[in-house]
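If you want the building blocks of each chain, they are given just below.
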Amino acid sequence: MSQSIAEGMVVGYRFTMIRREDGEELGGSPDGETDFYLHGAENIPPGLEAGLEGHKVGDKFQIDVDAAEGFGDRQDIEPIQVERSQFGEGDELEVGASVVAESDDGEPFLLFVVDFDDDKVVLDPNHPLAGVDLRFDVEVVSVRDATESEREHGHPHEGHHHHDH
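So, how was this worked out
- Residues numbered from 1 in each chain as written.
- Predicted model: local features only at pLDDT ≥ 70, side-chain atom pairs only at ≥ 80, totals over all residues.
- Heavy atoms only, no water.
- 1 Å grid on protein atoms, 1.4 Å probe; cavity = no way out; pocket = protein on both sides within 12 Å on 5 of 7 lines; lining within 4 Å.
- Points joined across faces, edges and corners; volume = space filled by probe spheres on them.
- Nonpolar A, V, L, I, M, F, W, Y, C, P; charged D, E, K, R; others polar.
- Core = buried A, V, L, I, M, F, W, Y, C linked by side-chain atoms within 4.5 Å.
- Buried < 20%, exposed > 50% of the residue type's maximum accessible area, 1.4 Å probe, protein only.
- Contact = heavy atoms within 4.5 Å.
- Pairing = 2+ DSSP bridges.
- Helix = DSSP H or I, 4+ residues; strand = E, 2+ residues; numbered from the N terminus.
- Axes fitted to C-alpha atoms, helices over the stretch in contact; angles between N-to-C directions.

Looking at the layout of surface pockets
So, point 1. If you add up the space inside the second largest pocket, you get close to 160 Å³.
So, point 2. Considering the residues around the second largest pocket, the lining is formed by Phe71, Gly72, Asp73, Gln75, Leu110, Phe112, Pro125, Asn126, His127 and Ala130.
So, point 3. Residue classes in the lining of the second largest pocket are distributed as five nonpolar, four polar and one charged.

Here's what the structure looks like:
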């Protein structure tokens, strides 16, 4: 009997992410590869996670996710420009990459690279897909109970998300 996706399960899935407005494919699982996440740990956009709930291995389906339940609505905050020298010499930058910054009170938050050259880097607090309504074509590949360690760390210890602790 196949388990249904529920809180505390490690889910292996393959997906294609599509912009609903124009059908443009925006990314997904590399050919034949499986992505993993811990259900209920906010590893993936909330609308995608909600749409996966209750499905079983072998299910293939579409999930429509409005921007607010995907990567959020766009906030009306101007991107900021910082000196390139604030990044290490060996730091490889690419548009869309996330950078962890620290607020005045020491809280970490994400900024996203929108542009850069040898002198400056432009960072935006909005995720590159903020404000975009999405459709996910999904196939559930595996479902299993998370280990105690995975529950403690809040993510699976396999696939693309594995790292040493």
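Quick notes on the nonpolar core
Buried together is how nonpolar side chains tend to be arranged in soluble globular proteins.
So, point 1. Membership of the largest hydrophobic core comes to 20 residues, with the highest contact counts inside it found for Tyr13, Leu48, Leu52, Ile63, Phe136 and Val138.
So, point 2. If we ignore the near neighbours within four places in the chain, the residues touching Ile63 are Gly47, Leu48, Gly51, Leu52, Leu134, Arg135, Phe136 and Val138.
So, point 3. Of all hydrophobic cores here, the second largest spans nine residues; its members include Val82, Leu93, Ala101 and Val121.

Examining the sheet that holds strand β7 (residues 108–116)
So, point 1. Within the open sheet, the four strands sit side by side as β5-β8-β7-β6. Their pairing is antiparallel. The sheet is open, and its two borders are formed by β5 (80–83) and β6 (98–102), each paired with just one other strand. On average, each strand axis in the sheet is tilted by 45 degrees relative to the strand beside it, whichever way the strands run.
So, point 2. Here four bridges tie β7 to strand β8 (residues 120–124), and the two strands are oriented antiparallel to one another.

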